[in-house]
Amino acid sequence: MSDCIFCKIVNKEIPANIVYEDDQILCFHDVSPQAPVHVLLIPKKRIVSMDDVQEEDKELMGHMMVKIKEIAQILGLENGYRVVNNCGEHGMQTVGHIHFHILGKRKMAWPPG
Ligand code: DGP
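Residues numbered from 1 in each chain as written. Predicted model: local features only at pLDDT ≥ 70, side-chain atom pairs only at ≥ 80, totals over all residues. Heavy atoms only, no water.

K.L.:
Honestly, the pattern of salt bridges in this entry has me stumped. Any pointers?
P.N.:
For side chains of opposite charge, pairing can occur when their charged atoms come near one another. Counted according to the given criterion, the structure contains 7 salt bridges. A salt bridge links Lys12 to Glu21; the shortest N-O distance between them is 3.1 Å. In this structure, Lys105 and Glu78 form a salt bridge, with 3.7 Å as the shortest nitrogen-oxygen distance. Within this pair, whereas Lys105 is found in the segment after strand S5 (100–104), its partner Glu78 is found in the loop between helix H2 (58–74) and strand S4 (81–84), the two being separated by 27 residues in sequence. For Lys105, a relative accessible area of 46% translates into the label partly exposed. Shared partners join several salt bridges into a network, and the residues in it are Lys12, Glu21 and Lys44. (Salt bridge = Lys/Arg side-chain N within 4 Å of Asp/Glu carboxyl O. Helix = DSSP H or I, 4+ residues; strand = E, 2+ residues; numbered from the N terminus. Buried < 20%, exposed > 50% of the residue type's maximum accessible area, 1.4 Å probe, protein only.)

Below, the structure written as structure tokens:
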């Protein structure tokens with residue numbers, strides 16, 4: 001059994017507000033939203049971080065990238081959005097299951113903090 005919180009969401013052991021799901025990936029609302037719309041896109045397979053992506057994950061990672069625009073459409077992000085991946089300690093990653101934040105419905109600042 002994994003202690004990974006996102007694996008528990010994948011396995012429906014803990015609830016999440018799901019936006020999109022297929023056999024490979026899951027997208028759900030972030031519990032601590034930093035924008036009016038803030039969801040997390042994850043692979044169902046646990047990959048710890050961007051630093052752990054392997055050659056064999058190319059198709060899965062590509063699938064996620066292709067689905068982002070579809071998810072943005074579901075969420076009504078017609079004015080654009082930001083996609084963020086935090087990797088490792090300096091990237092301020094807090095959950096060890098690779099995820100892409102999709103944030104929208106407000107204008108973002110740059111550079112990030
Ligand atoms: P990061 O800092 O990039 O690792 O982002 C982790 C995000 O995960 C953070 O924005 C809060 C969110 N999060 C943590 N635990 C849960 C949870 O149990 N449910 C949901 N929906 N989001 C969570």
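Moving on from the coordinates now.
K.L.:
It is not clear to me how the environment of Met64 should be interpreted in this structure. Could you clarify?
P.N.:
Along the chain, Met64 falls in helix H2. Placed 32 residues apart in sequence, Met64 and Gly96 show a C-alpha to C-alpha distance of 18 Å.

K.L.:
Could you clarify how one ought to interpret unusual backbone geometry in this entry?
P.N.:
Working note: non-glycine residues mostly have negative phi, and peptide bonds are mostly trans. Put simply, Trp110 and Pro111 share a cis peptide bond, and its omega is 5°. Within the element layout of this structure, Pro111 appears in the segment after S5. Positive phi, normally seen in glycine, also occurs at Lys12, with a value near 60°. Positioned with a positive phi, Met92 is a non-glycine residue whose angle comes to about 65°. Locating Met92 in the fold gives a position in the loop between S4 and S5.

K.L.:
Explanation requested: the site of the ligand in the structure shown.
P.N.:
Every one of the 15 residues lining the ligand counts as a neighbour, but Asp30, Asn86, Thr94, His99 and His101 are closest to it. Asp30 places a polar side-chain atom, nitrogen or oxygen, 2.5 Å from an oxygen atom of the ligand. A distance of 3.2 Å separates a nitrogen atom of the ligand from a polar atom in the backbone of Val31. Taking 500 Å² as the accessible area of the ligand by itself, protein coverage stands at 81%. With respect to the detected pockets, the ligand is housed in the largest pocket. (Near = heavy atom within 4 Å. Polar contact = N/O pair within 3.5 Å; in protein donor to acceptor, adjacent residues only side chain to side chain. Areas by Shrake-Rupley, 256 points an atom, 1.4 Å probe, with all protein chains shown as cover. 1 Å grid on protein atoms, 1.4 Å probe; cavity = no way out; pocket = protein on both sides within 12 Å on 5 of 7 lines; lining within 4 Å. Sits in = over half its atoms within 2 Å of the grid points.)

K.L.:
How should the nonpolar core be read in this particular structure?
P.N.:
Soluble globular proteins tend to pack their nonpolar side chains together in the buried interior. Counting residues in each nonpolar core, the largest one holds 19 residues, and the members touching the most others are Cys27, Val39, Leu41, Ile71, Leu75 and Ile102. Filtering out sequence-adjacent residues up to four positions away, Ile71 remains in contact with Val19, Tyr20, Cys27, Val39, Leu41 and Ile102. Core analysis: the second largest hydrophobic core is formed by 10 residues, Cys4, Ile9, Val10 and Ile42 among them. (Core = buried A, V, L, I, M, F, W, Y, C linked by side-chain atoms within 4.5 Å. Contact = heavy atoms within 4.5 Å.)

Any functional reading would require information that these geometric values do not contain.
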